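Next come the chains, spelled out residue by residue.
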There are 2 protein chains.
Amino acid sequence: MKITFNKRDPVYIQVVQHFKEQIASGKYELGQEIPSRRELANQLKINPNTAQRAYKEMEEAGLIFTEGNNPSRITKDEQVLRNLRTELIEGAVDRLIAAVEPVNIPIDELIGLIQAKYEEQRGEQR
Amino acid sequence: MKITFNKRDPVYIQVVQHFKEQIASGKYELGQEIPSRRELANQLKINPNTAQRAYKEMEEAGLIFTEGNNPSRITKDEQVLRNLRTELIEGAVDRLIAAVEPVNIPIDELIGLIQAKYEEQRGEQR
DNA sequence: TTATCTGTATTAATCATATAATACAGCGTA
DNA sequence: TACGCTGTATTATATGATTAATACAGATAA
C-alpha cells in the first residue's frame, strides 16, 4: 500500500480515492479484508485519525463494511461496485465535457486527442 | 460578470479559471480592458484582495498586462491565447485519461459516452 | 488642490484540514 | 485473567491557505 499524496486535496479524500480506484480496477475481492486503521496509518505515514476518517467515508458510501471489531472488509454488494465504476467513468466524462465547453473544440478533434493519449498511456503500462 | 462559486476551490483560483474560459472562448478582444480590482470585487461580492490575487496570477501567466495605474488589459499576444486554449484542452484530456485509467474501460465505449454527452450538451445550449 | 480613481503591499484574522493525545469497549488468545 | 489487537469517539492544538483590513503611491479630473 503506497500513495503519492498531492498537497492540494485533503489526505483522507486521497485515501478514499485510492481505494475507489483499487476497488474499481478489481484489485480487491468481494469481502476482502483491508488494513486496520492503525496499520494503514503506519503504512502511509499518516495519522490514525486520518485513516479513520477515510474509512468512515468509505463505510458511509457502502464500499466497505465493519463487523464487530474486526478489520473492515470490501463490500460484497456487486451492485455497489458496478455503481462505483459507472460513477468514476461518468464523473470523468462530465468533467471533460465541462472543461472543454468554453473552448469550442470540434468533437472529432477532441476524440482524436483522447485516442492518442489513451494509446500512449496503454503503451506506457506495458 | 457573474460566477457561481463552489466551496471546494479557492475563490481566486475560480476567478482565474473563469477568465481563462472567457478568454479561450473568444469573449475578449486583444488588449481589451477588464474591470479594475475593486470593481470586480464589487461585481462578484468578493474581497478586493482576492480579486488582486486572481489578477496577479493572470499577469504572471501572461494573460493580462498592466500599464501604470490603469485597469489591466487582456494580452495582445496571440500565441499566449493559442497556448491557453491548448492547455485547457490537453489538461482536460489528461485528467480524463488519468481518471479512467484504473477502470479498464474499452476506448470505444469511452468515446461513445463522450459523444453522447457532447451532443446532449450542445443540444442544451440552443 | 482636493477627490477619486488606479495598482500594490503589508499585516491581521479566519477557516478548513490535519495532527495529536486520550479514552472506551469488544474480542480473541496466550 | 491479562494482554494485545480491533473499531470508535472526543477534545485540543497546530498548521497552512485563504480571505480580509488597511495603508500607500501614482495618476487623472473636477
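Everything numeric here is computed off the predicted structure, so don't read it as measured data.

Okay, the protein's contact with DNA strand D next. Neighbouring DNA strand D are 20 residues; Arg37 of chain A together with Pro10, Asn47, Asn49 and Asn69 of chain B lie closest to it. Near the protein, within 4 Å, the atoms of DNA strand D are sugar or phosphate in 60% of cases. In this structure, serine 36 of chain A approaches DNA strand D through a side-chain N or O atom, which is 3.3 Å from a phosphate oxygen. Residue asparagine 69 of chain A places a side-chain N or O atom 3.3 Å away from a base oxygen belonging to DNA strand D. Elements with a contribution of two residues or more to the surface near DNA strand D: helix H2 (37-44) and helix H3 (48-60) of chain A together with helix H1 (11-24) and helix H3 (48-60) of chain B. Of the residues contributing to the surface near DNA strand D, the split by class is four nonpolar, eleven polar and five charged.

Residues and elements named next belong to chain B. The tally for this structure, following the rule as stated, stands at six salt bridges over all chains. When the shortest N-O distance is used, the salt bridge between glutamate 33 and arginine 73 registers 3.5 Å. Note that glutamate 33 is positioned in the loop between H1 and helix H2 (37-44) and arginine 73 in strand S2 (residues 73-74), a separation of 40 residues in sequence. The class for arginine 73 is partly exposed, based on a relative accessible area of 31%.

Mapped onto the secondary structure, leucine 96 of chain A falls in helix H4 (residues 78-100). Judged by its relative accessible area of 1%, leucine 96 of chain A is buried. As a C-alpha pair, leucine 96 of chain A and asparagine 70 of chain A span 26 residues in sequence and 40 Å in three-dimensional space. Leucine 96 of chain A has contacts with Leu110 and Ile114 of chain A together with Ala92, Val93, Leu96 and Ile114 of chain B, leaving out every residue within four places of it along the chain.

Residues and elements named next belong to chain B. Here lysine 45, not a glycine, exhibits a phi torsion of approximately 60 degrees, which is positive. By the secondary structure assignment, lysine 45 is in the loop between H2 and H3. For asparagine 104, which is not glycine, the phi dihedral falls at a positive 60 degrees. By the secondary structure assignment, asparagine 104 is in the loop between helix H4 (78-100) and helix H5 (107-125).

Between the two copies, chain A and chain B, the superposition gives an RMSD of 0.2 Å; the rotation angle is 180 degrees and the shift along the axis is 0.1 Å. Within this description, the copies of the chain are treated as partners about a two-fold rotation axis. Interface overlap between copies: 100% of the residues of chain A at the interface are likewise at the interface in chain B, consistent with a symmetric, same-surface contact.

A separate point is the interface of chain A and chain B. With 33 residues of chain A at the contact, the number on the chain B side is 34 residues. Between chain A and chain B, the buried area comes to about 3,300 Å², and carbon and sulfur atoms account for 67% of it. Here chain A and chain B share four salt bridges between them. With a shortest N-O distance of 2.5 Å, arginine 8 of chain A and aspartate 9 of chain B are connected by a salt bridge. Linking chain A with chain B are eight residue pairs in polar contact (both at pLDDT 80 or more). Looking at the side of chain A that touches chain B, the elements with two or more residues in it are helix H1 (11-24), H4 and helix H5 (107-125) of chain A. Its residues assigned to classes, the side of chain A that touches chain B comprises 19 nonpolar, five polar and nine charged.

Criteria and thresholds
Residues numbered from 1 in each chain as written. Chains lettered and ligands numbered in written order. Predicted model: local features only at pLDDT ≥ 70, side-chain atom pairs only at ≥ 80, totals over all residues. Heavy atoms only, no water. Near = heavy atom within 4 Å. Polar contact = N/O pair within 3.5 Å; in protein donor to acceptor, adjacent residues only side chain to side chain. Helix = DSSP H or I, 4+ residues; strand = E, 2+ residues; numbered from the N terminus. Nonpolar A, V, L, I, M, F, W, Y, C, P; charged D, E, K, R; others polar. Salt bridge = Lys/Arg side-chain N within 4 Å of Asp/Glu carboxyl O. Buried < 20%, exposed > 50% of the residue type's maximum accessible area, 1.4 Å probe, protein only. Contact = heavy atoms within 4.5 Å. Least-squares fit on C-alpha atoms with pLDDT ≥ 70 in both. Buried area = accessible area lost by both parts, 1.4 Å probe.

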